[in-house]
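Structural overview
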Amino acid sequence: MQLVLEKRAEQSTAAALVSPLVAIAATLATMSLLLALLGKNPAAALIVYFVDPLTDGYSLQEIAVKATPLVMIAVGLALCYLANAWNIGAEGQFLIGAVAGSWIAVKTQGTDAGHWVLPAMLASAAIAGALYALIPAIGKVRFGASEILTSLMLVYVAELFLDYLVRGPWRDPAGFNFPTTAEFDPVATVPVLVEGGRLHLGAILALLAVAAAAVLLGRTLKGFEIRVVGAAPRAARFAGFDPDRAILVTFAVSGALAGLAGIIEVAGPIGHLQPGISPGYGFTAIIVAFLGRLNPVGILIAGLFLALTFIGGEQAQIAMKIPLDVTKVFQGILLFYVLACDSLILYRFRFISKSPGVLRGTG
Amino acid sequence: MRNGFLAAVAALLLASGVSGAASAADKLKVGFIYLGPIGDLGWTYQHELARQAVVKEFGDKIETTYLENVAEGPDAERAIEQLVRAGNKLIFTTSFGYMDPTLKVAKKYPNVHFEHATGYKRDKNMSTYSARWYQGRYIQGQIAARMSRAGVLGYIGSFPIPEVISGINATILGAQSINPNVKVKIIWANSWFDPPKEADAAKALIDQGADIIMQHTDSPAAMQIAAERGKLAFGQDSEMIKFGPQSQLTSILDTWAPYYISRVKAELDGSWKEQDTWGGLETKMFEMAPYTNMPDDVKKMAEETQAAITAGKLHPFKCPVVAQDGTTVECKGGDHLDDGQILGMNFYVKGVDDKVPGK
């Protein structure tokens, strides 16, 4: 007798529903074991991680703040990935958006520029992000260059460009030579939604992006085109859909969203441009996109959930002295189980008697 | 719908604020924000040692909490605020990049006291503290000049900020006081902690003829390379002798414990006030590791220099200080440069064979 993984003829609907629940249950079980081994009370720790942050307004706000850039970027990435276009460089588009928007903020600093500043910053960030994303997209459709590599490489170009600006031309003159711009003027700052809190306008924009993407994918011809191009390129050609155009459009849209997320982060929670404005949002968003199964609403949930683990992890450090590494292990375990359980939607276990002939077909 | 949501959030905020106040404990809660993981050496580790010293000193009277690996970006403000909301009344934020986030949280919670390391923005409830490491670098410069056969020192810089620039200048001035012809080669790692890059920098410097390696980065990688190649080196932040038993000349040790203990004490007896502390050898804000791998006369010289600096008889930036371009720097501090000139230092002194990046 032998256990093999066999591809299902059809996706199992039951497995699709049960899979996330199994993944969460398995994660909780593994975490409990780990926490018990560390000498912590698993039930109390899991409450600190998952329940406490959801029970007060402050933590809820912080979850939304943390999730905002992740969701915004991931929605754009999902469009790309559905069209079979692999944008790995959202981090770079995020940074370039931040730079382009900050340019307006820095240039209008100390002047009596009016309320047009913030909208102009948002618009220029989106445009810059889109243009930056079009570089690998054009390389792909014109020259067949791997967009995975080129978009990833451009992340480092963007990082160093930002670094140059804040250490050189845009450095705060009163900042003792430290690499940061001066704090942005109020008209160049993303407004907060609750007085004294940190929840800002960006959260609303992220929700709008989710809604727009859901409508686009579910209700429009363009959305259908994107999905067909990704799933069946040949069929797409027969239907008159141009795969190259789909790549260009999805890259541009995801670049625009990443750029927008970048300026919102800089002009919102941070308040000035500096190196290290992103703790890897562009890369974490790839995980969020897949955790959400490339579905806009799924991405919203996945982004909020991942944000919850960050906030809960901090509170666990404070309340129960649980090291940060445990939180990271925990995020890793979660991803592992989610992906493992997802494979059960497409595959199933089967016991077979030993026979090398059958094994070959299992892929 | 949206208004309803906002109202709910606001109500929750109010409710949590009230309950937070009610559950304040009798013990003084002291919080720490760390830049890196604690590990077993380096910048964050030295702050952790000081925290442990605070715990040992005050025992049951206080309770400490730390958050480690807090990036100096958008997450910092939240991490600091989380400590406030957990009831910490005195919070140490231990890296430069926490300056603006600390200030924001300080403005929001006027009854909590903040201590920010190495920054320059202060408020009624926010102090700053740092150490005059340049004093130690002057001593290292003298030792290096005595120990180098080639007369070429290799220097691994982190970021070209004033603290690092003034460290390079103090090193050169110390070295020139022994041997006016000493040369310094600089490689910028553009990181505080990047072992492979630091190791590469050390290798490149040795290949360029340097026989003494000095660093303003955090890892022992350069020390290990020096040990491998049979060269001498200085540690940084922590004791690194175990990585180069035959190589380490000395190391600048961050010793925050006396300061942290004094500030917690002030908080406990109600005398805490906003202040700017920039301490040196005289207040044990940092210390020098034992002088090793050098002849007795060099060791004696180092100890004498250290004693002179500690006693205030010798200032590393004593006038005249001549800048790289040959101009004499204005002497604002009587017979030495004043603190403002050192804190904002953005020029090399004569003898540095490099250009200040971004200038």
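These figures come from a predicted structure and were not determined experimentally. (Residues numbered from 1 in each chain as written. Chains lettered and ligands numbered in written order. Predicted model: local features only at pLDDT ≥ 70, side-chain atom pairs only at ≥ 80, totals over all residues.)

This part covers the overall build of chain B. Helix and strand counts for chain B stand at 11 helices and 12 strands. The C-alpha radius of gyration of chain B comes to 22 Å, within 12% of the 21 Å expected for a compact globule of 359 residues. Counting only C-alpha atoms, chain B reaches 75 × 45 × 45 Å along its principal axes. The buried share of chain B, reckoned over its 359 residues, is 49%. Contacts in chain B between residues at least 24 apart in sequence constitute 63% of all its contacts with a sequence separation of at least 6. (Helix = DSSP H or I, 4+ residues; strand = E, 2+ residues; numbered from the N terminus. Rg over C-alpha atoms; globule rule 2.2 N^0.38 Å. Buried ≥ 20, exposed ≤ 12 C-beta atoms within 10 Å, placed from the backbone. Contact = placed C-beta atoms within 7 Å.)

So, about the environment of Ser166 of chain B. Residues and elements named next belong to chain B. Counting through the fold element by element, Ser166 comes out in helix H6 (residues 162-178). A sequence separation of 77 residues divides Ser166 from Phe243, and the C-alpha atoms of the two residues are 27 Å apart. If we skip the residues at most four places from it in the chain, Ser166 touches Tyr134, Ile342 and Met345.

Residues and elements named next belong to chain B. Across the sheet, which stays open at both edges, the 6 strands sit in the order S7-S6-S8-S9-S10-S12 with mixed pairing between neighbours. This sheet does not close on itself; its edge strands, each paired only once, are strand S7 (183-188) and strand S12 (286-288). Across this sheet, the average inter-strand angle for adjacent strands is 15°, counted without regard to direction. By the bridge criterion, 6 bridges tie strand S6 (residues 152-157) to S7 in an arrangement that is parallel. Within S7, the position partnered with Gly154 by the bridge is Lys185. (Pairing = 2+ DSSP bridges. Axes fitted to C-alpha atoms, helices over the stretch in contact; angles between N-to-C directions.)

The subject of this paragraph is unusual backbone geometry. Along the chain, Cys319 of chain B connects to Pro320 of chain B via a cis peptide bond; the corresponding omega equals 0°. Structurally, Pro320 of chain B can be placed in the loop between helix H10 (296-310) and helix H11 (339-343). Positive phi, normally seen in glycine, also occurs at Leu294 of chain A, with a value near 60°. With respect to the helices, strands and loops of the structure, Leu294 of chain A is situated in the loop between helix H11 (281-291) and helix H12 (296-320).

Glancing now at the domain arrangement of chain B. Residues and elements named next belong to chain B. Domain boundaries assigned for chain B yield domain 1 (5-131) and domain 2 (133-253 + 287-312). When each unit is reduced to the centre of its C-alpha atoms, the spacing between domain 1 and domain 2 is 33 Å. Contact residues are listed per partner, giving 8 residues for domain 1 and 10 residues for domain 2. In terms of residue count, the dominant contributor to the side of domain 1 that touches domain 2 is helix H2 (residues 43-58) (3 residues). (Domains from an automatic or database assignment.)

All names here are of chain B. Reading across the sheet, the 6 strands line up as S2-S1-S3-S4-S5-S11 and stay open at both edges, with parallel pairing between neighbours. Each edge of the sheet is formed by a strand with only one pairing partner; in this case those strands are strand S2 (62-67) and strand S11 (276-279). The sheet shows a mean angle of 15° between the axes of neighbouring strands, taken without regard to direction. Relative to strand S5 (residues 126-131), strand S4 (residues 113-117) runs parallel, the two sharing 4 bridges. Along S5, the bridge assignment pairs Ala117 with Tyr129. Taken strand by strand, H2 contacts strand S1 (28-33) and S2, and its axis lies near 165° from that of S2. Against the sheet, helix H9 (residues 257-268) contacts S1, S2, strand S3 (90-93), S4, S5 and S11, and its axis sits at roughly 155° relative to S3.

Facing the 33 residues of chain B at the interface are 30 residues of chain A. Elements that contribute at least two residues to the side of chain B that touches chain A include exactly helix H1 (2-22), S2, helix H3 (75-85) and helix H4 (99-108) of chain B. Sort the elements by how many residues they give to the side of chain B that touches chain A and H3 of chain B lands first, with 7 residues. Residues that form the side of chain B that touches chain A fall into these classes: 17 nonpolar, 8 polar and 8 charged. (Nonpolar A, V, L, I, M, F, W, Y, C, P; charged D, E, K, R; others polar.)

Residue position: Ile24 of chain A is located in helix H1 (residues 13-37). Distance in space between the C-alpha atoms of Ile24 of chain A and Pro191 of chain A is 36 Å, their sequence separation being 167 residues.

So, on to H10 of chain B. All names here are of chain B. In this model H10 runs 21 Å from its N-terminal to its C-terminal C-alpha over 15 residues, within 8% of the 21 Å that 1.5 Å per residue would give. Residues of H10 that are buried: Ala302, Thr305, Gln306 and Ile309. Burial along H10 is one-sided: seen end-on, the buried residues are contained in an arc of 100°. Projecting away from the buried face of H10 at angles above 90 degrees are the exposed residues Asp296, Asp297, Lys300 and Ala307. (Expected span 1.5 Å × (residues − 1). Arc of directions from axis to C-beta.)

With that settled, consider the confidence of the model for chain B. All names here are of chain B. Across chain B, the average pLDDT comes to 91, with 92% of residues at 70 or higher. Mean pLDDT across the secondary structure elements of chain B bottoms out at H1, with 45, and peaks at S3, with 98. pLDDT under 50 marks residues 1-24. Its contacts with residues more than four places away, or in other chains, come to 17 contacts. The ipTM assigned to the predicted complex is 0.85, against a pTM of 0.87. (pLDDT = per-residue confidence, 0-100.)

Turning next to the pairing of strand S1 (residues 2-7) of chain A. Regular strands have side chains that alternate between both faces of the sheet. Residues and elements named next belong to chain A. The element S1 is largely exposed, with a buried count of 0 among its 6 residues. As defined by bridge partners, S1 adjoins strand S2 (residues 347-352) across 6 bridges and the pair is classed as antiparallel. Bridging from a neighbouring strand, Lys7 pairs with Tyr347 of S2.

Residues and elements named next belong to chain A. Across the interface, helix H7 (residues 201-219) lies against helix H8 (residues 221-231) with an axial gap of 5 Å and an inter-helix angle of 75°. Accordingly, the angle class assigned to the pair H7 and H8 is roughly perpendicular. Of H8, the residues touching H7 (which contributes Leu216, Leu217, Gly218 and Arg219) are Lys222, Gly223 and Arg227. Among the residues making up the contact of H7 with H8, the classes are represented as 2 nonpolar, 2 polar and 3 charged. (Parallel < 35°, antiparallel > 145°, perpendicular 65-115°, else oblique.)

This next bit is on the nonpolar core. Residues and elements named next belong to chain A. Membership of the largest hydrophobic core comes to 112 residues, with the highest contact counts inside it found for Val71, Ile73, Ala74 and Ala289. Considering each element in turn, this core owes the most residues, 17 residues, to helix H3 (residues 57-82). Beyond its immediate chain neighbours, meaning those up to four positions away, Ala289 contacts Ala74, Leu77, Ala78, Tyr81, Leu294 and Ile299. (Core = buried A, V, L, I, M, F, W, Y, C linked by C-beta atoms within 7 Å.)

Our next topic: the packing of helix H2 (residues 42-51) of chain A against H12 of chain A. All names here are of chain A. For the pair H2 and H12, the least separation of the axes is 7 Å and the interaxial angle reads 135°. Taken together, H2 and H12 sit at an angle that is classed as oblique. In the crossing of H2 with H12, the sense of the turn from one axis to the other is right-handed. Across the interface between the two elements, Ala45, Val48, Tyr49 and Phe50 of H2 pack against Leu308, Gly312, Gly313, Gln315, Ala316, Ala319 and Met320 of H12. Residue composition of the contact of H2 with H12, grouped by class: 8 nonpolar, 3 polar and no charged. (Left-handed = near helix turned anticlockwise from the far one by under 90°.)

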